[in-house]
Amino acid sequence: MRLATQPNSTKRRNRIKHSTSISTIMMLFLFLLLLVHKAIVSNIALVDAFSTTALISRRAFIVNKANISPSSSLSIRKRRFSRQTIVTRTTSLLPGPDLATKQNEDEVDADAVNVVLVTGFESFNRDLYEKAGALLPPECKINLKVFADSDIRSPPDPSNNEFSRALRKADIFIGSLIFDYDDVVAVASLLPHVRGPRLVFECATELMSFNRVGKFNMENTGDGPQGPPPAVKAILSKFSSGKEEDKISGYLKMLKVGPDLLKFIPGEKASDLRTWLESYRFWNQGGMNNVKAMLQIITQRWLLESQNGEKEKLAALESLPVPQLEVTPDIGLLHPLLTTKEGTTRFASNPKSYLEWRLSSECYAEADRKGFTLAPKDAPRIAILLYRKHVITNQRYIIDLIRMFEEQGLMPVPVFINGVEAHTIVRDWLTSDHEINGVEKGTIVRDSTYKANEAVSVDGIVSTIGFPLVGGPAGSMEAGRNVDIASHLLKSMDVPYIVASPLLLQSIPMWKSNGVLGLQSVVLYSLPELDGAIDTVVLGGLVGDKIALVPERVRKLCSRLKGWIGIRRTPPSERKISIMIYGFPPNVGAVGTAALLDVPNSLEHLLRRLHEEGYNIGDFATDPDATGQSLVAALSILCQDSVIAAGVDRMQKAVEDRMQRARDGDATVPETLARPGGGLGGAKVAGKEMNFDDLEKMLGKYMMKKVRRAWPESERGPGVNSKGEMVASGLQLGNVWITVQPLLGVEGDPMRLLFERDLTPHPQYCACYEWMHLPEVKGGHGVQAVLHLGMHGTVEWLPGQPLGNDRQSWSDELLGGIPNVYVYAANNPSESILAKRRGYGTLVSYNVPPYGRAGLYLELANLKDLVNEYRTAETSSSSRKELRDAIFASCEKAGITSDVPLSSFDNSHADASIQSVSDEAFDLWVSSVATYLVELEERLFSSGLHTLGSKPTEKELCSYLNAYFKDKLSEDEIEDVIASVQRHSVSRATHDAWWHSVLSWLHEFPQNFMGEVTPSAGNTNIVDSTKGDSKREAADIVTLLSKNTEELDSVINALNGGYVLPAPGGDLLRDGTSVLPTGRNIHALDPYRMPSALAWARGERAAEEIIKQHQSSNNGAFPETVAVTLWGLDTIKTRGESIAIVLALVGARPVKEGTGRTVNFELIPLNELGRPRIDVLASLSGIFRDSFANVVDLLDDMFERAAASDESPDMNYIKKHALELEADGTERPAARLFSNPPGDYGSMVNEVVDNGDWDKSESLGEIWTGRNSYSYGRKEGGGGTRSGTARPDVLNKLLATTERVVQEIDSVEYGLTDIQEYYANTGALKKAAENRKKSDESGQKKKVALSVIEAFGGGGATGGGTDVQVKDVEDVLRLEYRSKFLNPKWRDAMLQQGSGGAYEVSQRFTAMVGWAATAEVDNFVFDQAAERYALDEEVAKKLQKSNPEAFKNVVRRLLEANGRGMWETDDDTLERLRNLYSDADDLIEQVASSFR
């Protein structure tokens, strides 16, 4: 066993032989180090510990070089250092004695050297630095002032606080881990006051340039080379494996030998550089004695220069013993029991030696002696990656973490690293059963760096480092750069990869009250998710200056690990899983629906695949009559109130009765239940009835107390039987339990759950989840994993922390420790963040349905023919004149005159007969009508629904490519590409089958030497046989779309406890092939890189068009206030276009630092802007608020500066309105960022509209206002109010001055008319602003315009351009209704989807009423909607047969629209609709009453 023991008595001296080659290397080494400030430091940032570098800078560093110069060097006497003695180090993990106390600011020794030391993000080492300073010899007496980053700008006057006063008097400055922009500016402004050396370690690159020791400095003197020359690069390669991803760790190794090499290079600059490197080396090694040595070295250096010839003092200084470097390994393993006889810590040199010790009798004997609990020898092994700096500074949480893992039955393999070597540990030191088997079979080839004699097999990986796996903190410089390397390593391992860590930037109370904020969220969530990390758990945080764990959170982490490992260790035939589908909102036919997904068919595909993998699903797979439609129909029965009231025991009979009625031809029962066995494949009802006492046993007293307080015995919510018991029910197929997720709210009171801050899910919601995963031995159902099928459920939206679940977060409680495999739409990376972070979802993405082009139909097709006939007729022909009336009449009937008004072309005849319009004007008008028809004909829509794991047909492939390439590729060219790909695929499959047989033969041959299998050449042949980039891209798209089968593959692998490959979320039209194939663990983007360059260009253009649009309808006047909606989804998919629109309206621009991260929003001078600053009311979605906290802070800061700027209020409407608010005594008059209460989501307007529980449309605006009155930003959230502050006065003022609202639409699939959220948020915001307008003489209030920007387009055709069209909401609504909702092509595609398609139709009727209430919907839309769906007998029958509740809602919304004055129609139509509604209601009532 190789264990590194470090006795203090051991001394090691490095001896370097002199040779010509070594001298050359040393000279090159010196040159390299002198380039540090130009290239390596700026790009690598001397990473270690928590060096988040520019990631943590919030804004660019802007310093006036005339006033602040890092280059002023002192003339420093050359110091002759003898060769330094290096000793290995013994580390104690126990707290040291209190050696010193903090000096009072007024008690300063005038003869001592004034040293200011800033710990930055290592505030937990503050005490260590103070104690080390007190241990210096008398000859190096110092007045040491130690500050944390929080002290730099401490109130009340940051410019004259203790820190600034100390730095102005400082002789020496030492700073580390300073990154925050404001801190950087504050420190940089004071550093010129420092008289002597300035040591800046691992800080923002802008501060690194202030390093100075004698003649050595790191000032960037101009545009020099951005990296070392080839010869120096060659030296760098000697310190690493030669791989690109290993260069950073190699550089750190090189820095550590630098001082020894520099001893042989003459000259003051080399000596000064060596002093800096020695100081850095001592600091990097850490620990009391090393810190003391660093302070001694730099103090000696300063004193030797400042004694002015005092020989006695100089002699005393030079006679001081040379500090000894105590060395701790860069990488090693530790354990509380791994100690010397004296009790000091030993470090294992590699995992294998560690595991040999851990499994040895020595270890178990030591555990018995100390009463230490060890996990069993066969316990799951978990690699834990730890910060070396935390280990060597004796952070107690490290030992506590290891101890708690052992107590929870997990065997830790704790590896400490500097931070940049995580990937090398996974690659070289870790393996897994999956990888071992793959190597044996020849399907996996390990890297050549793999160390077989040192590696161990593990069952999971936990990183406490965060950041990207490759490069750690330095890897965050270019987010995602090495994702492929990381995902390759993790895929080879195929074990859970979890990031879990205590918060190093937040205290535990701050986390508990605010959630995980800002930079910490990027470190723990955003960046690791790029690598496919799952189940992030916050383990604790700061308590004062110390890091502490919350034991309950460590237990949560262990329970989730055991959940993943437990299901992997269970044979598939014995695994018990739950599949959860959705049924919200109630009573509208929503059971078995999900966004863009055919749930019944997907469920069927999933079950059959589970059977193939060996899962026990009863008789479903072998029953030819079994269908997913039948399962959904049966589950719908279990959701009916009358069935629930009768209890679980009678549910099976209810299902069987419906099956019999279906066989008898009862039209009220879904026809699919008439199949033999009901088409259920032997599925039986399985459920449980629970009372409050049962629920308390599962929840525990603490959480149950909340439930009892919110839901008294008399008010238990839905899902309760006639006895008052909570009912959990579903269908059992072997070991698979299929159920419908409980309703979230209370029907008739949808806002109850989210309006009250401490409210809980209703009891039945809690009971269903708790019983589902409770072990059978404790009375539960014993499910080992849950699969949420489709987008999206509600468990991730439950009350709790916005980010960073704690014990009081309901999603954390209800999911327990079971894996949550979440099948989610690939084009929604926004809401998927909640599923991943709050709901512990391992996401598996599914593709969007094929796209279709709207084409023209019925009256529109007729109009096109008339227009073509008119334009091709002879100018003087009589037929041409006769066509005028026909064209105009057709336009009026189709509502086209609203989109292309004739009066715009001939104002003088606006009210005259069509025949009085001049030929020239009419020709221009007809030309515009033709253009509009072309636009309408080419509009895209999402056709039908996707089935999980299904390959697209040739027809569907054509539709994808047509939508993507538009006119770049013809139909024939597209068909040729598809045929070529398919031929190539067949050839490839044949080759792969042959090659597989060869590999099998070679594997069995005992003495073969298997080489690496050459990867597939992809579509190379196709590329060669086609022409142009478009065909090449088309071939790639076809190949990737054909991999839809990987959706089911990934579901299976996730249920195996394996790793799911990560990929960015998005859609094909906008993002191209980057979002394919699906079946991936989708993630969002780095929030610190928004807006992107393209998003900024498009946002600027959009702002210009918005202003022009407003001026054209307001006599050239500028809008004073524009409300802009900022949603997570469009922000992610457009890379921040809506943010850019806000900036451009205000007159600001993003400022980025060297790594491309946005760190400030700079106000553009008014003389450059050339117009007034527009005030902006930013309406934030809850997801945007929680996911982009850094952007919220930057925007808030921008508005504050704009309000306080020295500008005229006439040219700065932000300032104008702020002054008016201030005059009224309003607090924070510059607040501009408003959203829901902290931790809550949604305006609730859609719930009110869905229930019909509203009177006037104005009330919808007031509901929105009440739900969005919380202000957010860096100056909000004080006083324990979490992270927001209610400021209704400011919101009302902004609403009163709002003249226009702006909304971006990011995808074809989710248009204004497709989902409820648009009218519920943007429409209701518009109404709220209108409510605050003064009435005119007629009593009418001024309308507030709504500008819509469609930010989607084909990646091969229109994507990537800066052309931006801004349209009024009424125009977009008409376009969408014509191209989709009223289009027979879209309707028929939905009707083919059964109950799910009928539900989609139904929801668009509800949205239509919502838009009519908050904006305006033309009468022809209601007319044609009634004709297409309700009054068309054939369509009505299909809808009613597929989903009776959905059809009832269709008719109900039409009658509601008429009743509310939204739609005018004749009495005959209304009578027909009333009869249809009565019949539909009777049918549904008949179904419900049949089981009472």
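Here the residue numbers are simple positions, counted from 1 along each chain's written sequence. Confidence filtering applies because this is a predicted model: local features only for residues at pLDDT of at least 70, side-chain atom pairs given and counted only at 80 or more, and all residues used for totals across whole chains, interfaces and linings. The side-chain figures draw on all heavy atoms in the structure; neither hydrogens nor water molecules are used.

Another aspect to go through is the overall build of the protein. Helix and strand definitions here come from DSSP, where helices need a minimum of 4 consecutive H or I residues and strands a minimum of 2 consecutive E residues; each element is numbered from the N-terminal end. A count of helical and extended segments in the protein gives 62 helices and 41 strands. Buried residues in the protein amount to 62% of all 1492 residues. For the protein, contacts bridging at least 24 residues in sequence account for 78% of all contacts bridging at least 6. Surface exposure of the protein reaches about 54,300 Å², of which carbon and sulfur atoms provide 49%. Each residue is placed in one exposure class: buried if its accessible area under a 1.4 Å probe, protein chains only, is under 20% of its type's maximum, exposed if it is over 50%, and partly exposed if it falls in between. Contacts are residue-level and defined by heavy atoms, with any inter-residue pair within 4.5 Å sufficient. In these tables, accessible area is a Shrake-Rupley quantity obtained with a 1.4 Å probe, and a residue counts as shielded only by the protein chains included in the view.

Stacked, edge-to-face and tilted are the three classes for Phe, Tyr and Trp ring pairs, Trp counted by its six-membered ring, which pair at centre distances within 6.5 Å; planes under 30 degrees apart are stacked, over 60 edge-to-face, the rest tilted. On inspection of all chains with the given rule, the structure shows 26 aromatic pairs. Consider the rings of Tyr 964 and Phe 965, whose centres lie 4.8 Å apart with planes at 85°: the pair is edge-to-face. Across the pair, exposure class does not vary: Tyr 964 and Phe 965 are buried alike. Between Trp 1127 and Tyr 1318, the aromatic rings sit 5.0 Å apart at their centres with planes inclined by 20°, giving stacked as the arrangement. Of this pair, Trp 1127 sits in the loop between strand 32 (1121-1126) and helix 46 (1128-1134) while Tyr 1318 is found in helix 55 (residues 1317-1331), placing the two residues 191 residues apart along the sequence. An aromatic cluster is built from Phe 201, Phe 216, Trp 276, Tyr 280 and Trp 283, whose rings are joined through pairwise contacts. Here, a charge over a ring is recorded when the distance from Lys NZ or Arg CZ to the ring centre is within 6 Å and its angle to the ring normal is within 35 degrees. Over the aromatic face of Trp 283 sits the side chain of Lys 389, whose NZ or CZ is 3.7 Å from the ring centroid.

Together, Glu 954, Glu 971, Asp 972, Glu 975 and Asp 976 line one region of the surface with negative charge. Counting residues per element, the negative patch draws most heavily on helix 40 (residues 971-1004), which supplies four residues. Note that Glu 975 resides in helix 40. Each patch is assembled from residues with relative accessible area greater than 30% and no salt bridge, linking like charges that lie within 9 Å and nonpolar side chains (Val, Leu, Ile, Met, Phe, Trp, Tyr) that lie within 5 Å. One side-chain nitrogen of Lys or Arg within 4 Å of one carboxyl oxygen of Asp or Glu is enough to make a salt bridge. Two residue types count as positive, namely Lys and Arg, and two as negative, namely Asp and Glu; His and chain ends fall outside the count. For the purpose of locating charges, the reference atoms are NZ of Lys, CZ of Arg, CG of Asp and CD of Glu.

Note on pairing: two strands pair once DSSP finds at least 2 bridges between them. Pairing in this open sheet of seven strands is mixed, and the strands run 22-23-24-21-25-26-27 from one edge to the other. Two strands close off the open sheet at either side, each with one partner strand: strand 22 (684-690) and strand 27 (841-846). Direction aside, the axes of adjacent strands within the sheet are offset by 25° on average. Here strand 21 (residues 577-581) pairs with strand 24 (residues 736-740) via five bridges, running parallel. When the bridges of strand 24 are listed, Ile 577 appears paired with Val 736. For every element, the axis is a line fit to its C-alpha atoms; helices are fit only across the contacting stretch, and the angle between N-to-C directions ranges from 0 to 180 degrees. The strands touched by helix 25 (residues 599-612) within the sheet are strand 21, strand 23 (726-733), strand 24 and strand 25 (785-789), with strand 21 carrying the most contacts at an inclination of about 170°. Against the sheet, helix 32 (residues 763-773) contacts strand 21, strand 22, strand 23, strand 24 and strand 25, and its axis sits at roughly 40° relative to strand 23.

The subject of this paragraph is helix 61 (residues 1444-1459). Helix length check: helix 61 (16 residues) gives 23 Å between terminal C-alpha atoms against 22 Å at 1.5 Å per residue, within 8%. Within the sequence span of helix 61, burial applies to Ala 1446, Phe 1447, Lys 1448, Asn 1449, Val 1450, Val 1451, Arg 1453, Leu 1454, Glu 1456 and Ala 1457. Among the residues trailing helix 61, Gly 1461 stands out with phi positive, at a value near 80°. Multiplying 1.5 Å by the helix residue count minus one yields the expected span of that helix.

Here we come to the pattern of salt bridges. One pass over the full model with this rule turns up 84 salt bridges. The residue Arg 369 makes a salt bridge to Glu 366 at a minimum N-O spacing of 2.8 Å. Residue Arg 369 and its partner Glu 366 are located together in helix 15 (residues 361-370), separated by three residues, close to a single helical turn. Arg 369 sits in the exposed class, given a relative accessible area of 60%. Residue Lys 370 pairs with Glu 366 through a salt bridge whose shortest N-O separation is 3.2 Å. With a gap of four residues between them, Lys 370 and Glu 366 both fall in helix 15, about one helical turn apart. Classification of Lys 370 as partly exposed rests on a relative accessible area of 43%. Each of Asp 1196, Glu 1200, Glu 1227, Arg 1228, Glu 1276 and Arg 1287 takes part in one network of salt bridges that share partners.

Moving on, we come to the sheet that holds strand 39 (residues 1298-1305). Within the open sheet, the eight strands sit side by side as 38-37-36-35-32-39-40-41. Their pairing is mixed. For this open sheet the edge positions go to strand 38 (1285-1286) and strand 41 (1366-1368), each flanked by a neighbour on one side alone. Taken strand by strand, helix 45 (residues 1093-1112) contacts strand 39, strand 40 (1345-1350) and strand 41, and its axis lies near 40° from that of strand 41. Seen against the sheet, helix 47 (residues 1137-1146) touches strand 32, strand 35 (1175-1180), strand 39 and strand 40 and runs at an angle of roughly 165° to strand 32.

Interaxial distance between helix 56 (residues 1369-1381) and helix 59 (residues 1419-1430) falls to 11 Å at its minimum, and their mutual angle equals 10°. Considered as vectors, helix 56 and helix 59 are oriented roughly parallel to each other. Listed contacts from helix 59 to Arg 1374, Tyr 1377, Arg 1378 and Phe 1381 of helix 56 are Phe 1420, Val 1421, Ala 1425 and Tyr 1429. Under this grouping Gly is polar, as are all residues other than the nonpolar Ala, Val, Leu, Ile, Met, Phe, Trp, Tyr, Cys and Pro and the charged Asp, Glu, Lys and Arg. Tallied by class, residues from the contact of helix 56 with helix 59 come to six nonpolar, no polar and two charged. The scheme is simple: roughly parallel for angles under 35 degrees, roughly antiparallel for over 145, roughly perpendicular for 65 to 115, oblique for anything else.

Quick look at the side chain of His 390 now. Structurally, His 390 can be placed in helix 16 (residues 388-392). Non-local contacts of His 390, meaning those with residues more than four positions away in its chain, are made with Phe 124, Gln 395, Tyr 397, Ile 398, Leu 504 and Ile 547.

For this analysis, a nonpolar core means a set of buried residues of the types Ala, Val, Leu, Ile, Met, Phe, Trp, Tyr and Cys, connected via side-chain atoms within 4.5 Å. Judged by nonpolar contacts, the single largest core of 216 residues is most densely connected at Phe 405, Ile 579, Leu 607, Leu 610, Leu 631 and Leu 789. Beyond its immediate sequence surroundings of up to four residues, Leu 610 is in contact with Ile 577, Ile 579, Tyr 615, Ile 617, Val 736, Ile 1052 and Leu 1055. With 101 residues, the next largest nonpolar core counts Ala 894, Phe 941, Leu 1375 and Ala 1436 among its residues.

We now examine the confidence of the model for the protein. Looking at the protein, pLDDT values average 83 and 82% of them are 70 or higher. Within the model, the stretch residues 221-229 combines pLDDT values under 50 with 16 contacts to residues more than four positions away or in other chains. Note that pLDDT drops below 50 for residues 1020-1026; the model gives that stretch eight contacts with residues more than four away or on any other chain. Known as pLDDT, the predictor's confidence for each residue is given on a scale from 0 to 100.

By the secondary structure assignment, Val 1060 is in the loop between helix 43 (1046-1055) and strand 30 (1062-1064). The sequence separation of Val 1060 and Pro 496 amounts to 564 residues, and the corresponding C-alpha distance is 9.0 Å. Filtering out sequence-adjacent residues up to four positions away, Val 1060 remains in contact with Thr 842, Leu 843, Ser 1050, Ala 1054, Gly 1079, Arg 1080 and Asn 1081.

Once that is clear, we can look at the pairing of strand 34 (residues 1158-1163). Most of strand 34 sits inside the fold, with five of its six residues counted as buried. As paired strands, strand 33 (residues 1148-1152) and strand 34 are joined by five bridges and run antiparallel to one another. Along strand 34, the bridge assignment pairs Pro 1150 with Phe 1161.

Before going further, it helps to spend a moment on the environment of Val 1245. Positionally, Val 1245 belongs in helix 52 (residues 1245-1251). Sequence separation between Val 1245 and Gly 1410 is 165 residues; the distance between their C-alpha atoms is 8.8 Å. In this structure Val 1245 touches Leu 1260, Ile 1263, Trp 1264, Tyr 1319, Ala 1320 and Ala 1324, once residues within four positions along its chain are discounted.

Glancing now at unusual backbone geometry. Residues apart from glycine generally show negative phi values, whereas peptide bonds are mostly found in trans. Of the consecutive residues Met 791 and His 792, the connecting peptide bond is found in the cis state with omega at -15°. Positionally, His 792 belongs in the loop between strand 25 and helix 33 (810-815). In the segment running from Met 1090 into Pro 1091, the intervening peptide bond is cis, with an omega of 0°. Within the secondary structure, Pro 1091 is located in the loop between strand 31 (1081-1083) and helix 45. Non-glycine residue Asn 394 carries a positive phi angle of around 60°. Located in the positive-phi region is Asp 494, a residue other than glycine, with phi close to 55°. Within the secondary structure, Asp 494 is located in the loop between helix 21 (483-493) and strand 18 (497-507). Overall, Asp 494 belongs to the buried group, its relative accessible area being 2%.

Take the pairing of strand 19 (residues 534-543) next. Counting buried residues along strand 19, nine of its 10 residues qualify, which places the element largely inside the surrounding structure. Alignment of strand 18 against strand 19, held across five bridges, turns out to be parallel. Bridging across to strand 19, Ile 498 finds its partner in Ile 534. Across four bridges, strand 19 lies against strand 20 (residues 546-549) in antiparallel orientation. From the neighbouring strand, Val 543 faces strand 20, where its bridge partner is Lys 546.

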